[in-house]
Amino acid sequence: MTVSLEVAEGVGTLRLDRPPMNALDIATQDRLKELAEEAGAREDVRAVVVYGGEKVFAAGADIKEMQAMDHTAMVLRARALQDSFTAVARIPKPVVAAVTGYALGGGCELALCADYRIAGENAKLGQPEILLGLIPGAGGTQRLARLVGPSKAKDLIFTGRMVNADEAKEIGLVDRVVPADEVYAQAHAWAAKLAQGPALALRAAKEAIDTGLETDIETGLAIERNWFAGLFATEDRERGMRSFVEEGPGKAKFL
């Protein structure tokens, strides 16, 4: 399989495994969607790491496969391409991308679907589709602009240039830069810590932020208000507040 889901300590690792560069062909895209939906549904998965291995995250789409497609074929495929990445973005749990080596084109777009990005010092990120006479088609024009702002997104997309890990952190494309051999361990630790947290509150926080960003402030506040009030019906809220009152802050156990 070109993508696998491995679960340990409440953390599901979505692992790309299509050597040598983890090119995201149609079969890989479809498998990614299938496993992202599974990770979202499984109760034993409380946080997710997206990982391409020690050497490369994902160097982009399978260009040979795409070259053979005409306009009609891509019209029929483009929505499924986007849907496979959106399935990762919509996992209702914390998701961290562990980025080593190249994360280009579709690889960068996949990293954009995570809530948090930890990159190795050897990481190279970019959207080089313009060099093929194309634009990003798996969410890059939308998620990148929302993450780093429109002018920085246009610079990367217009030029097709790659940025190294330090520049990626400077512009907000990644959140943490670590030695390459520590990327997965640190990403797993981030996810494992959140996997111990209140699952419904984390889900609510993610949805309130993501959906709120797509609308005006008043609608966003209504979304927040509804989630906030709804959490008062949960056992985790009772446990968290009881622990705070009896033991002090930060000591509640939610599992």
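Residues numbered from 1 in each chain as written. Predicted model: local features only at pLDDT ≥ 70, side-chain atom pairs only at ≥ 80, totals over all residues. Heavy atoms only, no water.

1. Digging into the pairing of strand β6 (residues 116–120)
Here comes step 1: Counting buried positions along β6 gives 5 out of 5 residues, so the element sits mostly inside the fold.
Here comes step 2: Residues Y116, I118 and G120 line one face of β6 and the alternating positions R117 and A119 line the opposite face, and both faces are buried.
Here comes step 3: Pairing of strand β4 (residues 95–99) with β6 involves 4 bridges; the strand directions are parallel. By the bridge assignment, A97 is partnered in β6 with R117.
Here comes step 4: Pairing geometry for β6 and strand β9 (residues 176–178), over 3 bridges, is parallel. The residue bridging G120 from the neighbouring strand is V178, located in β9. (Buried < 20%, exposed > 50% of the residue type's maximum accessible area, 1.4 Å probe, protein only. Helix = DSSP H or I, 4+ residues; strand = E, 2+ residues; numbered from the N terminus. Pairing = 2+ DSSP bridges.)

2. Section: the nonpolar core
Here comes step 1: L14, F57, L125 and L173 are the most contacted members of the largest nonpolar core, which has 45 residues in total.
Here comes step 2: At 5 residues, helix α3 (residues 71–89) tops the list of elements feeding residues into this core.
Here comes step 3: Among the nonpolar cores identified, the runner-up in size contains 15 residues, and V96, I118, V178 and V183 belong to it. (Core = buried A, V, L, I, M, F, W, Y, C linked by side-chain atoms within 4.5 Å.)

3. Observations concerning helix α11 (residues 235–247)
Here comes step 1: In a regular helix each residue adds 1.5 Å, so 13 residues correspond to 18 Å; α11 covers 17 Å between its end C-alpha atoms and thus fits that length.
Here comes step 2: Remark: G248 follows α11 within two positions and exhibits a positive phi of approximately 100°. (Expected span 1.5 Å × (residues − 1).)

4. Focus on the pattern of salt bridges
Here comes step 1: Counted according to the given criterion, the structure contains 14 salt bridges.
Here comes step 2: Of the charged contacts in the structure, one is a salt bridge between R18 and D25, with a shortest N-O distance of 3.4 Å.
Here comes step 3: Here R18 falls in the partly exposed class, since its relative accessible area comes to 23%.
Here comes step 4: Among the salt bridges present, the one from R42 reaches E38, with a minimum N-O distance of 3.0 Å.
Here comes step 5: The class for E38 is partly exposed, based on a relative accessible area of 31%.
Here comes step 6: Counted as one network, the salt bridges with shared partners bring together R18, D25 and D62. (Salt bridge = Lys/Arg side-chain N within 4 Å of Asp/Glu carboxyl O.)

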